Amino acid sequence: MLVFNSVKDKLPTRHSLTHFQQLLIILLELRLAVPHEDLAYRFLVSDSTVLRVYNTGIDVLYGIFRLIAWPEREVLWKTMPMQFRQTFGKRVVVLIDCFQ
C-alpha cells in the first residue's frame, strides 16, 4: 500500500483504468515481463493504452523513488564478466540487456 499511496496522485486519471489497475500493469510488466497484448486482454484495453500506462508509470516511479542508480565507472568495470573485460578491455562501460 505504501507504493500505491505514493504514486496514486501522480498517475493520470484514465476512464478505462483505475489508479490501482495502472500500478498493477506497471508492476506486472516490470517483475514478470508480461507481454503488452496479454495485459491489454486482461484489463480490457488496447495495447497502446498499456504502453502509455507503462511509460507514464515508469517516469512517475523514477521521479518518486529514483529506482535507477548508476554505480561509478570503476565499480561497473570490476563487476563486468571476465570474458567481456578480456575481449573489450576498458572500451565497454556497461551492458544493457534489452531482451523482451
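Residues numbered from 1 in each chain as written. Predicted model: local features only at pLDDT ≥ 70, side-chain atom pairs only at ≥ 80, totals over all residues. Heavy atoms only, no water.

(A) Spatial organisation of the packing of aromatic side chains. All chains considered together, the criterion is met by two aromatic pairs. Pairing F4 with F20 gives two aromatic rings, centres 5.8 Å apart and planes at 75 degrees, and the pair type is edge-to-face. With F4 in helix 1 (residues 2–7) and F20 in helix 2 (residues 19–32), this residue pair connects regions lying 16 residues apart in the sequence. Of note, R85 hangs over the ring of W77, and the distance from its end group to the ring centre comes to 5.2 Å. Over the ring of W77 we find K90, and its NZ or CZ is 4.5 Å from the ring centre. (Phe/Tyr/Trp six-rings, centres within 6.5 Å; stacked < 30°, edge-to-face > 60°. Helix = DSSP H or I, 4+ residues; strand = E, 2+ residues; numbered from the N terminus. Lys NZ or Arg CZ within 6 Å of the ring centre and 35° of its normal.)

(B) View of the nonpolar core. Judged by nonpolar contacts, the single largest core of 16 residues is most densely connected at V7, L17, I25, L39, F43 and V50. Where this core is concerned, the elements lending two or more residues are helix 1, helix 2, helix 3 (36–43) and helix 4 (47–65). By residue number, the principal contributor to this core is helix 4, which donates four residues. The residues contacting V50, other than those within four sequence positions of it, are I25, H36, L39, A40 and V45. (Core = buried A, V, L, I, M, F, W, Y, C linked by side-chain atoms within 4.5 Å. Buried < 20%, exposed > 50% of the residue type's maximum accessible area, 1.4 Å probe, protein only. Contact = heavy atoms within 4.5 Å.)

(C) Spatial organisation of the environment of E37. Structurally, the position occupied by E37 is in helix 3. The exposure class of E37 is exposed, given its relative accessible area of 51%. Along the backbone, E37 and I64 are 27 residues apart, and their C-alpha atoms lie at a distance of 28 Å.

(D) Local environment of helix 4. In this model helix 4 runs 26 Å from its N-terminal to its C-terminal C-alpha over 19 residues, within 8% of the 27 Å that 1.5 Å per residue would give. Where helix 4 is concerned, the buried positions are T49, V50, V53, Y54, G57, V60 and L61. All buried residues of helix 4 fall inside an arc of 135 degrees around its axis, so they share one side. Contact partners of the buried residues in helix 4: helix 1, helix 2 and helix 3. R66 sits one or two positions beyond helix 4 and adopts a positive phi of about 50 degrees. (Expected span 1.5 Å × (residues − 1). Arc of directions from axis to C-beta.)

(E) View of a nonpolar patch on the surface. Nonpolar side chains collect at one region of the surface, where W70, V94 and I96 lie side by side and expose about 340 Å² of accessible area between them. Structurally, the position occupied by W70 is in the loop between helix 4 and helix 5 (73–79). You can call W70 exposed: its relative accessible area is 57%. (Patch = residues over 30% accessible without salt bridge, like charges linked within 9 Å, V, L, I, M, F, W, Y side chains within 5 Å. Areas by Shrake-Rupley, 256 points an atom, 1.4 Å probe, with all protein chains shown as cover. Salt bridge = Lys/Arg side-chain N within 4 Å of Asp/Glu carboxyl O.)

(F) A look at the environment of H19. With respect to the element layout, H19 can be found in helix 2. We classify H19 as partly exposed; its relative accessible area is 24%. Taking the C-alpha atoms as reference points, H19 and V7, separated by 12 residues in sequence, lie 8.5 Å from one another.

(G) Representation of helix 3 within the structure. Among the residues making up helix 3, those that are buried are L39, A40 and F43. Angular distribution of buried residues about the axis of helix 3 spans 100 degrees; they occupy a single face of the element. Structural note: helix 3 exposes E37, Y41 and R42 on the side pointing more than 90 degrees away from its buried face. Just past helix 3, the residue L44 takes up positive phi, approximately 60 degrees.

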